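Structural overview
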Amino acid sequence: MRTLVLTIEYDGTDFLGWQLQPEGRTVQGVLEEAMHTILRSDLRATAAGRTDAGVHATGQVVHFRTDSDMVVDRLKKGLNGVLPPDVRILEATQAPDDFHARFSAVGRRYAYRIIRRPSAMRRHQAWHVAYPVDVDAMRRACAPLVGRHDFTSFCQATSTADGTICEVRELEWIEAEDELRLRIEANRFLHHMVRTIVGTAVDIGRGRWPESVMAEMLAAKDRRAAGANAPAHGLCLEAVRYPSEFGI
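Okay, so let's go over this structure. (Residues numbered from 1 in each chain as written. Predicted model: local features only at pLDDT ≥ 70, side-chain atom pairs only at ≥ 80, totals over all residues. Heavy atoms only, no water.)

**Brief notes about the packing of aromatic side chains**
According to the stated counting rule, one finds 5 aromatic pairs in the structure shown. Ring plane angle 75° and centroid distance 5.3 Å describe the contact between F99 and F246, whose orientation is recorded as edge-to-face. Placement of F99 in the loop between β4 (87–95) and β5 (107–115) and of F246 in the segment after β10 (235–241) is noted, with a sequence separation of 147 residues between them. Accessibility expressed as a relative area gives 3% for F99, which makes it buried. Over the ring of Y131 we find R206; its NZ or CZ atom is 3.4 Å from the centre of that ring. (Phe/Tyr/Trp six-rings, centres within 6.5 Å; stacked < 30°, edge-to-face > 60°. Helix = DSSP H or I, 4+ residues; strand = E, 2+ residues; numbered from the N terminus. Buried < 20%, exposed > 50% of the residue type's maximum accessible area, 1.4 Å probe, protein only. Lys NZ or Arg CZ within 6 Å of the ring centre and 35° of its normal.)

As structure tokens, then:
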């Protein structure tokens, strides 16, 4: 048996998320169907992160175990030949047997895109915020989130099974023409964590809350203290990081 690793990108618009569902189209379902076609075997793909419906990825990492001896370049080409156009294999490689796409990860990076005007081309990849926001206020408000904290206030209750402590290593708001982008990296993320941070930050940028409220929300450890989630379609999983010994 070999452990094979895929780095994939997908447009989440027409998916119910990564994870298999009893009904409906999922990224995992589409990928496993393609794997069955190419490798002639029922295989289970495990992802670094279970993205929600509408969320995109440019650097999702997936592993699976197989007894096939197919070379990885041929596997990549074969999968891309049968996958639908909204899923693509970027890289395929073999990893040590103890590699796990989720549990071996030491960091994940997400981006959230906001656009200032309606856009036909970006409507499925960015949240259109029609009102002006104070970006500097949003930056100052989010600064206390960097570091190791309990993010209970910024997660859905169902994500607490593995604890609510996360270490945010980078959080940056970037402006470019008519677009505003949050880049955030952490050792792990809770369910809806990035979307709750973005939704709350935008409300602060609009002047609905003072800048100091973000730190107060963090300290409250209560989801009811924070703002509403930003829409899913602005979120993208950009990269997953692993220890160098895995070669991923």
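Let us keep going from here.
**Considering the pairing of strand β9 (residues 179–186)**
Where burial is concerned, most of β9 is hidden: 6 out of the 8 residues are buried. Both β5 and β9 contribute to a ladder of 8 bridges, which runs antiparallel. Among the inter-strand pairings, A111 is bridged to a residue of β9, identified as R183. Note: strand β8 (residues 165–176) against β9, 8 bridges, orientation antiparallel. Counterpart to W173 in the pairing with β9 is L182. Once β8 ends, the chain turns through 2 residues before running back antiparallel as β9, passing E177 with a positive phi of about 55°. (Pairing = 2+ DSSP bridges.)

**Some details on the nonpolar core**
The biggest cluster of nonpolar side chains holds 77 residues, and the ones touching the most others in it are L31, F154, W173 and V198. Looking at this core, the element that brings in the most residues is helix α4 (residues 193–205), giving 7 residues. The contacts of V198, once residues within four sequence positions are left out, are Y112, I114, W127, W173, L182 and A230. (Core = buried A, V, L, I, M, F, W, Y, C linked by side-chain atoms within 4.5 Å. Contact = heavy atoms within 4.5 Å.)

**Notes on unusual backbone geometry**
Excluding glycine, a negative phi dihedral is what most residues carry, and trans is how most peptide bonds are arranged. The phi torsion at R40 lies on the positive side, around 55°, for a residue other than glycine. Relative to the elements of secondary structure, R40 occurs in the loop between α1 (27–39) and β2 (46–47). According to the relative accessible area criterion, R40 is exposed, its value standing at 71%. With a phi angle near 50°, K221 is a residue other than glycine that sits in the positive phi range. Its location among the elements puts K221 in the loop between α5 (213–220) and β10.

**Here we look at the environment of V240**
Structurally, the position occupied by V240 is in strand β10. Considered as a pair, V240 and V106 are 134 residues apart in the sequence and their alpha carbons are 7.8 Å apart. Look past the residues within four positions of V240 in its chain and what remains in contact with it is A48, G59, V61, A105, G107 and R108.

**Brief notes about the pattern of salt bridges**
Applying the stated criterion to the full structure yields 19 salt bridges. Between R116 and E175 there is a salt bridge, and its shortest N-O distance comes to 3.3 Å. Taken together, the residues span a long stretch of sequence, with R116 in the loop between β5 and β6 (127–128) and E175 in strand β8 at a distance of 59 residues. Overall, R116 belongs to the partly exposed group, its relative accessible area being 30%. Between E211 and R140 there is a salt bridge whose closest N-O contact spans 2.8 Å. Taken together, the residues E211 in the loop between α4 and α5 and R140 in helix α3 (residues 135–142) connect sequence positions 71 residues apart. According to the relative accessible area criterion, R140 is partly exposed, its value standing at 47%. One network of salt bridges, with partners in common, ties together R109, R113, R117, R122, D178, E179, R181 and E238. (Salt bridge = Lys/Arg side-chain N within 4 Å of Asp/Glu carboxyl O.)

So far we have only geometry, and geometry alone does not tell us how the molecule works.
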